Amino acid sequence: MAVKALVLYDFTAEPGNNELSVREGETVTVIDQAVGGGWIAAQNSSGRTGLVPEGYLQIVGGGSHTLSGGGAYARSSEGWGSQAQNQSPPGGEEDDGEWDDDWDDQSVTSYHGNGHTDEETGTAGRSTQGHSVKIALNKFPFSKGPNPEVFLLASPPANSRDILPVYMGEVGPVWLYPTSPLDCVIADPKKESKLYGLKSFIEYQITPNTTNRPVNHRYKHFDWLYERLLEKFGSLLPIPSLPDKQVTGRFDEDFIRIRMERLQAWMTRMCRHPVVSQSEVFQLFLTYKDERDWKSGKRRAEKDEAVGPIMFSLVQPEAAELDAAQVEQTCELYSRFTRSMEDGVRDLLNVGQTHWKRCTGPLPKEYERIGRAFSNLSTVFATSRYPGEETLTNALTVAGKTYEEIAQIVAEQPQKDLHFLLETNSEYKGLLGCFPEILTVHKAAAEKVKEADRLVSAGRISSGDRKLMNQRLSCMSYSLQAEMNHFHSNRIYDYNRVLKFYLEQQVTFYQQITDKLREALNHFATL
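Residues numbered from 1 in each chain as written. Predicted model: local features only at pLDDT ≥ 70, side-chain atom pairs only at ≥ 80, totals over all residues. Heavy atoms only, no water.

A.B. asks: Explain the packing of aromatic side chains here, please?
C.D. replies: Each pair of aromatic rings is reported with the distance of its centres and the angle of its planes. On inspection of all chains with the given rule, the structure shows 18 aromatic pairs. For the pair Phe 420 and Phe 501, a centre-to-centre distance of 5.4 Å together with 90° between the ring planes defines the contact as edge-to-face. Here Phe 420, found in helix α11 (residues 418-432), pairs with Phe 501, found in helix α14 (residues 463-521); they are 81 residues apart in sequence, far enough to count as distant. Given the relative accessible area of 34%, Phe 420 is considered partly exposed. Ring centres 5.6 Å apart and planes at 65° place the aromatic pair Tyr 428 and Phe 487 in the edge-to-face group. Note that Tyr 428 is positioned in helix α11 and Phe 487 in helix α14, a separation of 59 residues in sequence. Its relative accessible area of 0% is what places Tyr 428 among the buried residues. (Phe/Tyr/Trp six-rings, centres within 6.5 Å; stacked < 30°, edge-to-face > 60°. Helix = DSSP H or I, 4+ residues; strand = E, 2+ residues; numbered from the N terminus. Buried < 20%, exposed > 50% of the residue type's maximum accessible area, 1.4 Å probe, protein only.)

A.B. asks: Help me out: how do you make sense of the pairing of strand β9 (residues 199-208) in this one?
C.D. replies: Consecutive residues of a regular strand have side chains that alternate between opposite faces of the sheet. Burial of β9 is extensive: 7 of the 10 residues sit out of reach of the surface. Pairing of strand β8 (residues 184-194) with β9, which is carried by 9 bridges, proceeds in the antiparallel orientation. For Lys 190, the partnering residue across the bridge sits in β9 and is Glu 203. (Pairing = 2+ DSSP bridges.)

A.B. asks: Where do I start with the pattern of salt bridges in this structure?
C.D. replies: Side chains that differ in charge, positive against negative, can pair when their charged atoms come close. A full pass over the atoms with the stated rule returns 22 salt bridges. Arg 262 serves as the salt-bridge partner of Glu 423, at 2.9 Å between the closest nitrogen and oxygen. In this pair, Glu 423 sits in helix α11 while Arg 262 sits in helix α5 (residues 253-272), placing the two residues 161 residues apart along the sequence. Here Glu 451 makes a salt bridge to Lys 448, at a shortest N to O gap of 3.5 Å. The exposure class assigned to Lys 448 is buried, which follows from its relative accessible area of 11%. (Salt bridge = Lys/Arg side-chain N within 4 Å of Asp/Glu carboxyl O.)

A.B. asks: What is the right way to read helix α9 (residues 362-382) from this model?
C.D. replies: Owing to its 3.6 residues per turn, the α-helix brings residues three or four apart onto one side. Here α9 contains 21 residues, and its C-alpha end-to-end distance of 30 Å stays within 8% of the 30 Å for a straight helix at 1.5 Å per residue. Inspection of α9 places Leu 363, Pro 364, Gly 371 and Ser 378 among the buried residues, and these make up the whole buried set. Relative to the axis of α9, the buried residues are bounded by an arc of 110° and lie together on one face. Structural note: α9 exposes Thr 379 and Val 380 on the side pointing more than 90 degrees away from its buried face. Those residues of α9 that are buried are in contact with α8 (324-360) and α10 (389-416). (Expected span 1.5 Å × (residues − 1). Arc of directions from axis to C-beta. Contact = heavy atoms within 4.5 Å.)

A.B. asks: How should the sheet that holds strand β10 (residues 215-218) be read in this particular structure?
C.D. replies: Working definition: the strands of a sheet are paired by backbone hydrogen bonds and lie parallel or antiparallel to each other. Spatially, 3 strands are ordered β8-β9-β10 in an open sheet, and the strand pairing comes out antiparallel. This sheet does not close on itself; its edge strands, each paired only once, are β8 and β10. Ignoring strand direction, the axes of neighbouring strands in this sheet form an average angle of 30°. Where β9 lies against β10, 4 bridges are found, and the strand directions are antiparallel. By the bridge assignment for β10, Glu 203 is matched with Arg 218. (Axes fitted to C-alpha atoms, helices over the stretch in contact; angles between N-to-C directions.)

A.B. asks: What should I look at first to understand the nonpolar core in this one?
C.D. replies: Nonpolar side chains tend toward joint burial in soluble globular proteins. Judged by nonpolar contacts, the single largest core of 59 residues is most densely connected at Leu 229, Met 267 and Phe 282. With 8 residues, the top contributor of residues to this core is helix α4 (residues 219-233). Ranked by size, the runner-up nonpolar core spans 22 residues in total, among them Val 327, Cys 331, Leu 422 and Tyr 502. (Core = buried A, V, L, I, M, F, W, Y, C linked by side-chain atoms within 4.5 Å.)

A.B. asks: What is the right way to look at the environment of Gln 33 in this model?
C.D. replies: Within the fold, Gln 33 resides in strand β2 (residues 27-36). Taking the relative accessible area as the measure of exposure, Gln 33 reaches 29% and is therefore partly exposed. For the pair Gln 33 and Glu 54, spaced 21 residues apart in sequence, the C-alpha separation works out to 8.3 Å.

A.B. asks: I would appreciate a short explanation of α4 in the present structure.
C.D. replies: Given a rise of 1.5 Å per residue, 15 residues ought to cover 21 Å, and the 21 Å separating the end C-alpha atoms of α4 matches this to within 8%. The buried count for α4 comes to 14 of 15 residues, which makes it a mostly enclosed element.

A.B. asks: What is the right way to look at the packing of helix α6 (residues 280-287) against helix α7 (residues 291-302) in this model?
C.D. replies: The relative placement of two packed helices is expressed as an angle between their axes plus a distance between the axes. At a minimum axis separation of 10 Å, α6 and α7 run at an interaxial angle of 165°. Judged by the inter-axis angle, α6 sits roughly antiparallel to α7. Relative to α7, the crossing made by α6 is left-handed. Here Glu 280, Val 281, Leu 284, Phe 285 and Thr 287 of α6 come into contact with α7, specifically with Asp 293, Trp 294, Gly 297, Lys 298, Arg 300 and Ala 301. Its residues assigned to classes, the contact of α6 with α7 comprises 5 nonpolar, 2 polar and 4 charged. (Parallel < 35°, antiparallel > 145°, perpendicular 65-115°, else oblique. Left-handed = near helix turned anticlockwise from the far one by under 90°. Nonpolar A, V, L, I, M, F, W, Y, C, P; charged D, E, K, R; others polar.)

A.B. asks: Sorry if this is basic, but what is going on with the sheet that holds strand β7 (residues 172-175) here?
C.D. replies: Pairing in this open sheet of 3 strands is mixed, and the strands run β7-β6-β11 from one edge to the other. The outermost strands of the open sheet, each flanked by one partner alone, are β7 and β11 (315-317). Pairwise comparison of adjacent strand axes, ignoring direction, gives a mean angle of 35° for this sheet. As judged from the 3 bridges shared by strand β6 (residues 164-169) and β11, these two strands associate in the parallel manner. Note that in β11 the partner of Pro 165 across the bridge is Gln 316. Strands in contact with α14 are β6, β7 and β11; relative to β7, the strand with the most contacts, it is inclined by about 80°.

See below:
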């Protein structure tokens, strides 16, 4: 008997991708649940067949359960496909070569590069931040996980190769920066396929400056890297989210270009971080030699024990223990600064998006109307047939065309300058959204250390344990202040660069308009 399924959400098929468009409330016939990759083959009432995301379908009579085939997708705080990532095949060993979800989750609220946010364009979202924020479940959750002393008294993993040195610089604690900064270039996006052409995806070429040897990755690989970095460093460092996922339009040229640009910005930021860039998992992503090397490295990264709060045990400051009261004051100052900066970034994004819409909407239309008014007046003047009229009518015609050209210049300008300013602000909005949790981790550990005397009296810890807790808290404080200094130095560099570029482009923009107006002025006779 044929299995029937109810469509839970609208889905629009990508051309040439063997997909089937369906609408919410429609009933389809399930042809094959074993296609894999989080898709099933279905047939609609018109007899058309194709692939549909299995999370979009519910078996008729099957209660609230969606179809469970090769991918087992479900909505969660991690977005689409979070279950599929963590599942292993029946044989017990993970299939490293074929990750299930090749399609992307519809994005959350974000700046689109056209002056609009998802709320303005009608796209449903999960977050109001510039980038979707994924929450790691191991970020030192004191209220529902192990007590802070589990970390404060823990020994470093025996097999860990991660040592995080911190040095005292002119501004205070700083990370050890590599002598040769890491960088990479993402380019040459290509449409590839698998499952005998049933599924398609975009693959990017990434070339690091250390090897100059390109490696290939698809978006799903970037997502895997993000999850590993978040799991490993999320308690220690701000790991901004990736560019948003998307279900439809994945192969549109504009979408691919914007996604590649944002992946480049994300990778550049990760390359600039002295801890992330030197980590084994990040180096694997950029420099794996072949498929076997990638698979073995992937398994090793997923079994890494040095993750989450345990990373604090690997911090090795070169100086004496920090004063807890002074550190608390520094953290409070930094917390106020990041909150204020977040307000400032949000305000600039709102103003910029409003200005973008005005430059691409009403403002060019105003210039066009002025140009048409001049042209119409020129036509009227030409009908007088008065001697010497031609000089004026020609000048008016030129003025009209000039204002129409200015309208085009105004409409194109935001993509040349405002785009980069808004992109940088969106990046920092994502970074700033990570700091409250990092500061909370430190504050919770500090509160536990303050209870050390009571814990000793209660026999829960020894005096030696108390000393170790103080040392560990000092290590946490060193790493936090090193990260604060890294953030500030990058902030100054980034905003100096992007604002300088913005103003240079604005000067060019107004100079271009001035030149055109002066040229139009020269057509008018001197009386």
